[in-house]
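So the chains spell out like this:
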Amino acid sequence: MTFDFETEAKYEPYLNYSFGVFAIICAVVSTALNPLVVYFWLGKKRSVKNLLFVVVAVSDFLTNLVPAPFISYVFLSPDNFSQHSILNQIPEFLCCTFGCISQVTVSLMALTRMIKIVKPFLKIKFRWVLSYLIAYAVYMAFGNVGYLVAAAIKGGEKTNENVDTALLENWNKFACFSINLAHCFLGIISSLVTICYLRINLRGIGDKASKLRGSNTILIMNIPYMVSIVTNLLARYQAVQLNFSLVNHYLIPILTSAFNPCVVLARTKNLKKPEGGTPSTRTCTLHVQSTVRNLQCGFTTRVNPNLSVTPRSFPRKSLAISLTSVAES
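About the cut-offs
- Every chain is numbered on its own, with residues counted from 1 as its sequence reads.
- Residue-level local features of this predicted model are given only where pLDDT is at least 70; pairs of side-chain atoms are given and counted only at 80 or more, and the full residue set underlies all totals for whole chains, interfaces and linings.
- Only heavy atoms go into the side-chain values, all of them from the structure, while hydrogens and water stay out.
- The helix count covers DSSP runs of H or I at least four residues long, the strand count covers runs of E at least two residues long, and both are numbered beginning at the N terminus.
- Accessibility here uses a 1.4 Å probe with only protein chains present; expressed as a share of the type maximum, an area under 20% marks a residue as buried, one over 50% as exposed, and anything in between as partly exposed.
- When checking whether two residues touch, look at their non-hydrogen atoms; a contact exists if any pair is within 4.5 Å.
- A 1.4 Å probe and the Shrake-Rupley method give the accessible areas. Residues count as covered only by the protein chains that appear here.
- A pair of aromatic rings is counted whenever rings of Phe, Tyr or Trp (Trp by its six-membered ring) have centres within 6.5 Å, and the orientation is called stacked for planes under 30 degrees apart, edge-to-face for over 60 and tilted otherwise.
- Throughout this description, the term charge over a ring refers to an Arg CZ or Lys NZ atom that lies within 6 Å of the ring centre and within 35 degrees of the ring normal.
- Take the buried Ala, Val, Leu, Ile, Met, Phe, Trp, Tyr and Cys residues and link them wherever side-chain atoms come within 4.5 Å; each set so joined is a nonpolar core.
- Like-charged residues within 9 Å of one another, or nonpolar side chains (Val, Leu, Ile, Met, Phe, Trp, Tyr) within 5 Å, are grouped into patches, provided each residue has over 30% relative accessible area and no salt bridge.
- Whenever a carboxyl oxygen of Asp or Glu lies within 4 Å of a side-chain nitrogen of Lys or Arg, that contact is scored as a salt bridge.

A.B. asks: What is the right way to read the overall build of the protein from this model?
C.D. replies: What the protein contains, in helices and strands, is 10 helices and zero strands. Tracing the protein from N to C terminus, the helices and strands come up as α-α-α-α-α-α-α-α-α-α. The burial tally for the protein puts 39% of its 329 residues in the buried class. If you take every contact in the protein between residues at least 6 apart in sequence, the share linking residues at least 24 apart comes to 76%. Accessible surface for the protein amounts to roughly 19,300 Å². Of this, 65% is attributable to carbon and sulfur atoms.

A.B. asks: When you look at helix α3 (residues 67-76) in this model, what are you seeing that I'm missing?
C.D. replies: Each full turn of the α-helix corresponds to 3.6 residues, which orients residues three or four apart in the same direction. Within α3, seven of the 10 residues are buried, leaving the element largely enclosed by the surrounding structure. Among the residues of α3, those classed as buried are Pro67, Ala68, Phe70, Ile71, Ser72, Val74 and Phe75. The inward-facing, buried residues of α3 abut α1 (12-41), α2 (48-65), α4 (86-118) and α8 (244-267).

A.B. asks: Teacher, can you tell me more about the side chain of Asn222 here?
C.D. replies: In this fold, Asn222 is placed in helix α7 (residues 208-237). Assessed through its relative accessible area of 2%, Asn222 is described here as buried. Beyond its immediate sequence surroundings of up to four residues, Asn222 is in contact with Val106, Ser107, Ala110, Gly187, Ile188 and Ser191.

A.B. asks: Sorry, what's going on with the packing of aromatic side chains here?
C.D. replies: Two measures describe an aromatic ring pair: the distance that separates the ring centres and the angle between the ring planes. Using the criterion set out here, one finds two aromatic pairs in the structure. Consider the rings of Trp41 and Phe53, whose centres lie 5.5 Å apart with planes at 45 degrees: the pair is tilted. Separated by 12 residues along the polypeptide, Trp41 in helix α1 and Phe53 in helix α2 bring together distant segments of the chain. For the pair shown, Trp41 and Phe53 are each scored as buried. Over the ring of Trp41 we find Lys44; its NZ or CZ atom is 5.0 Å from the centre of that ring.

A.B. asks: Hey, could you run me through the nonpolar core in this one?
C.D. replies: Taken as a class, soluble globular proteins show a tendency for nonpolar side chains to be buried jointly. Ranked by internal contacts, the top residues of the largest apolar core, which has 30 residues, are Trp41, Leu52 and Met221. Where this core is concerned, the elements lending two or more residues are α1, α2, α4, α5 (126-154), α6 (159-200), α7 and α8. Top contributing element to this core by residue count: α4, with seven residues. Core analysis: the second largest hydrophobic core is formed by 11 residues, Phe19, Cys95, Tyr250 and Ile254 among them.

A.B. asks: Would you mind showing me how to read the environment of Val118 here?
C.D. replies: In this fold, Val118 is placed in helix α4. Given a relative accessible area of 26%, Val118 falls into the partly exposed group. When the C-alpha positions of Val118 and Tyr197 are compared, they lie 7.2 Å apart, and in sequence the two are 79 residues distant.

A.B. asks: Would you take a moment to explain a nonpolar patch on the surface for this structure?
C.D. replies: A surface patch of nonpolar side chains, amounting to about 390 Å² of accessible area, comprises Leu130, Ile134, Val138 and Phe142. Under the relative-accessibility criterion, Leu130 is labelled partly exposed at 34%.

Right under this line is the structure:
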């Protein structure tokens, strides 16, 4: 129990126990469920929404890959924890970076879904969305690396460099907060617009129930990110005496990395294994399907050449009868 929440001494043990146990539970849930999301969604129809689900699952999995074992080690180890050392800030950097990538991906899911439903003729290509994700990830990586470098310089004795790093830190915090705030509101507003549009246009949209369920799922995934806005505001105005760096850079990303797969798997009906299998299996399947279609066409021609029956209209349940008839003729 060596985390310093910078609050009253009587609350420190409770906060440390809660934080450590919570991090361990979320790490187990995230590590177990996010690979399942990737496994099932890779087998679905290729679309921007399904690919973004995979991106969120991968990012959530990476959020816990290093930070969660590190937090568990700190929680179970008697050693003192120095949050401002370079080595101890690397897990914080990874957790914060991948957590922000998950946040912007969920917001993009809400935005692209709103455009697809409200403006169905406007096509959004996945490479456009992926380009923005890559640009944002690069910015977050450089920004957080700059924060680590600034923390290292602070350990020196040069006063001018300390002043420069303070200005850099303040600008980086403001930029990250502004971008995250915009992404949070973008995801919430886009989801609400989509849900309202689906409820109003009951007759004009096919498969409305499924689309409404998916929009509600994305809305639920966006809600926890609003908590980070509240905690950032509390940290900025120091409304509560607490070390919000641990909350914003560790607690919330780890929470959302376990929360997102739980919501996705719980609200998704008819989870199926990915279709296809190995290349040889897919080739064999296509060959069998082609043979069946040829037999269907041959049977239709032999029974009555004047019948204009398409292969798709041939009943599959009578396949055995059709094969027997072809053999006898």
